[in-house]
Amino acid sequence: MNREDVKTCPKCGALISANLPRCRQCKAYLHGTELEGFLLEHLLPARLAASPGTGIFMLIIMGYFALMVMFAGPLSALSLSTFSAAELGSTWSPGIFAGEYWRFVSSSLAHGGVVHIAFNLWALTIAGPVVEEAFDRKKMMLLFGISGILSMAVSYVVYVELLGHTIHQSVGASGAISGLIGGAFVVARRMGPAGRQIEHAMWRWTVFMLVFGFVAPGVDNAAHVGGWLIGAGMALVMPVGLTQTVAAQRALSVATFGLLGLVIASVALMLMHLKGFPASLENDAEPITILGMVVKPGAEWDYSDQVTSIRDCQDALDAANKSGTVTDAQLYSCELALRINPSPSIYRATAHLEEARGNTARADTLRRVAARLVHSPR
Ligand SMILES: [Zn+2]
């Protein structure tokens, strides 16, 4: 058995090389649906064609970051504030408490700044092609996507449900990339002596990731370890090599399009959540830093938008209680304040105003979040 095996084209019956993406004779696309063949050949830049799955995720990750910078402003490219990251798709516990589960998908694509995204893209170009070469484009994409989404869920469960953090935020494709490293490590082991070099390289990356994670502050180790184990587990059970049967190809195509559908839906939900609200603060108390250097000093806490927004919501609550009616502007100032300062009291104040406006479901959600922000499970 080797990669140059011949097979017959399932469409026209011509004898062709088993790895050929298109039949020489009838031009049918053989590595999935005709739609995939069309998209890959017409939309993917030629430079990325050698590892299309890796290339597609590089484009998605860069596109998502461009979207974040577009909304949060050019300076945010250096380092996004906690507020901007939460508004633009991070795993943000008050949002998850409110049922924003799309954050598990968007957070695995979003990044916190140029250094973060550059490092992850570099690691993706190293581990991605290894997994793609060993399996195929679609199995690599599923491994990357599923490791990313589930690693964010693991991180949430570990930090919020097990360790009892009430405010938890995480962002980045590192969980997905750890999945690729774990997957590449397992598949290299499955290859035996031929995979020894890759196995050692992936082991070095794993050790580096663990040491870096426990030395550097703010690293989501739960997402890294969770992603690694999920990727390794998938690589252990997935059949190696190009999928040859038409039925299996179709199943993988459906799963891959399903994954891309989730990605698109998470971006759409993030934009709907953002609609009408700012993505960055003018007077943020959090300074913008890059590699430990302050690029833009934060506003003094007393004069920051954090404090101003709390005051605005309190004023709105007082005015609404006095007049007995709630205006759109009053409601908005509290809905904005809870995005900036996720404290139980602001959630309860906003719930009060929403209730008065007849938005019972929203009020219930906000009260539920307020309760979660007070009582940690441990
Ligand atoms: Zn053919």
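Just so it is clear, the model here is predicted, and its values are computed rather than measured.

Asks: Honestly, the overall build of the chain in this entry has me stumped. Any pointers?
Replies: Per the secondary structure count, the chain includes 15 helices and 6 strands. Based on the C-alpha atoms only, the size of the chain along its principal axes is roughly 85 × 45 × 40 Å. When the 378 residues of the chain are sorted by exposure, 51% land in the buried category. A separation of at least 24 residues holds for 67% of the contacts in the chain among residues at least 6 apart in sequence. Of the roughly 18,100 Å² of accessible surface on the chain, 65% is carried by carbon and sulfur atoms. In the chain, 28 positive and 27 negative side-chain charges are present, and the distance between their average locations comes to 11 Å.

Asks: Sorry, what's going on with the coordination of the zinc ion here?
Replies: Octahedral metal centres with six donors ideally show angles of 90 or 180 degrees, and tetrahedral centres with four donors ideally show 109.5 degrees. Looking at the metal site, the zinc ion is ligated by Cys-9 (SG), Cys-12 (SG), Cys-23 (SG) and Cys-26 (SG), spaced 2.2 to 2.4 Å from it. With 4 donor atoms in place around the zinc ion and angles of 108 to 111° between them, the coordination shape is tetrahedral. Looking at Cys-12, the relative accessible area reads 37%, which means it is partly exposed. We classify Cys-23 as buried; its relative accessible area is 1%.

Asks: Help me understand the domain arrangement of the chain, please; the structure alone is not making it clear to me.
Replies: Accessible area lost upon the coming together of the parts serves often as the stated size of an interface. Its domain assignment divides the chain into domain 1 (51-274) and domain 2 (301-374). Relative to domain 2, the C-alpha centre of domain 1 lies at a distance of 34 Å. If you look at the interface, domain 1 gives 13 residues, while domain 2 gives 9 residues. Interface area, domain 1 with domain 2, both sides summed: about 990 Å², of which 59% is carbon and sulfur. Inspection of the region where domain 1 meets domain 2 yields 2 salt bridges. Where domain 1 packs against domain 2, one counts 2 residue pairs in polar contact (both at pLDDT 80 or more). When residues of the side of domain 1 that touches domain 2 are traced back to their parent elements, those giving at least two are α3 (82-87), α4 (93-97), α7 (137-162) and α11 (246-274). When grouped by side-chain class, the residues that make up the side of domain 1 that touches domain 2 number 9 nonpolar, 2 polar and 2 charged.

Asks: Help me understand the pattern of salt bridges, please; the structure alone is not making it clear to me.
Replies: Proximity of charged atoms lets side chains of opposite charge pair with each other. With the rule as written, the count across this model stands at 13 salt bridges. Of the charged contacts, one joins Arg-339 and Glu-87 as a salt bridge, the two residues approaching to 2.9 Å between their closest N and O atoms. Of the two residues, Arg-339 sits in helix α13 (residues 328-340) while Glu-87 sits in helix α3, which places them 252 residues apart along the sequence. Per residue, the accessibility class of Arg-339 equals that of Glu-87, and both read buried. Here Glu-335 and Arg-362 are joined by a salt bridge, their closest N and O atoms 2.8 Å apart. With Glu-335 in helix α13 and Arg-362 in helix α15 (residues 360-374), the pair connects residues that are 27 residues apart, well separated along the chain. Three or more residues joined by partner-sharing salt bridges are found here, namely Arg-22, Glu-34 and Glu-41.

Asks: Hey, could you run me through the packing of helix α8 (residues 174-190) against helix α10 (residues 221-237) in this one?
Replies: Helix-helix packing is characterised by the crossing angle of the two axes and by the distance between the axes. Close contact between α8 and α10 brings their axes to 6 Å; oriented N to C, the two are set at 40°. Along this stretch, α8 crosses α10, giving a crossing that reads as right-handed. Contacts from Ser-174, Gly-175, Ser-178, Gly-179, Ile-181, Gly-182, Gly-183, Phe-185, Val-186 and Arg-190 in α8 reach Ala-223, His-224, Gly-227, Trp-228, Gly-231, Ala-232, Ala-235, Leu-236 and Val-237 in α10. Residue composition of the contact of α8 with α10, grouped by class: 9 nonpolar, 9 polar and 1 charged.

Asks: Please clarify how the side chain of Ser-93 should be interpreted in this entry.
Replies: As for its placement among the helices and strands, Ser-93 is situated in helix α4. Classification of Ser-93 as buried rests on a relative accessible area of 0%. Once residues within four sequence positions are removed from consideration, Ser-93 is found in contact with Tyr-156, Val-160, Thr-166, Ile-167 and His-168.

Asks: I tried to follow the pairing of strand β6 (residues 293-296) on my own but got confused; where do I start?
Replies: In the case of a regular strand, side chains alternate between the two sheet surfaces. Sheet analysis places strand β5 (residues 288-290) next to β6, joined by 3 bridges and oriented antiparallel. Looking at the pairing, Thr-289 lines up with Val-294 of β6.

Cut-offs applied
Residue indices begin from 1 for each chain and proceed along its sequence in written order. Given that this is a predicted model, residues contribute local features only at a pLDDT of at least 70 and side-chain atom pairs are listed and counted only at 80 or more, while totals for whole chains, interfaces and linings are drawn from all residues. Only hydrogens and water are set aside when side-chain values are computed; all heavy atoms of the structure are taken into account. Comment: elements are numbered from the N terminus, with helices defined as DSSP H or I runs of at least four residues and strands as E runs of at least two. Between buried and exposed lies partly exposed: a residue is buried under 20% and exposed over 50% of the maximum accessible area for its type, with that area taken using a 1.4 Å probe on protein chains only. Contacts are assigned to residue pairs with any non-hydrogen atoms lying within 4.5 Å of each other. Under the convention used here, a 1.4 Å probe and the Shrake-Rupley method define accessible areas, while residue burial counts only the protein chains that appear. In this charge count, Lys and Arg are treated as positive and Asp and Glu as negative; neither His nor the chain ends contribute. By convention, charge coordinates are those of NZ in Lys, CZ in Arg, CG in Asp, or CD in Glu. Only N, O and S atoms count as donors, using a 2.8 Å cut-off from the metal and 3.2 Å for Na, K and Ca, and because water is excluded some sites may appear unfinished. Working rule for geometry: tetrahedral if four donors all subtend angles between 85 and 135 degrees; square planar for four, octahedral for six, if opposite donors exceed 155 degrees and the others stay between 65 and 115; irregular in every other situation. Note that the domain bounds were set by an automatic or database domain assignment. The term buried area refers to how much accessible surface (probe radius 1.4 Å) is lost by two components on association, counted for both of them together. By salt bridge we mean one thing: a side-chain nitrogen of Lys or Arg within 4 Å of a carboxyl oxygen of Asp or Glu. Here a polar contact is recorded for every N or O atom pair within 3.5 Å, except that within protein the pair must consist of a potential hydrogen donor and a potential acceptor, and residues adjacent in sequence are included only if both atoms are side-chain atoms. Note on residue classes: Ala, Val, Leu, Ile, Met, Phe, Trp, Tyr, Cys and Pro are nonpolar, Asp, Glu, Lys and Arg are charged, and everything else, Gly too, is polar. Helix axes are fitted only over the stretch in contact, all axes being lines through C-alpha atoms; the angle between N-to-C directions runs from 0 to 180 degrees. Crossing chirality is assigned from the near helix's rotation relative to the far helix, an anticlockwise turn below a right angle marking it left-handed and a clockwise turn marking it right-handed. Only strands that DSSP links by at least two bridges are regarded as paired with each other.

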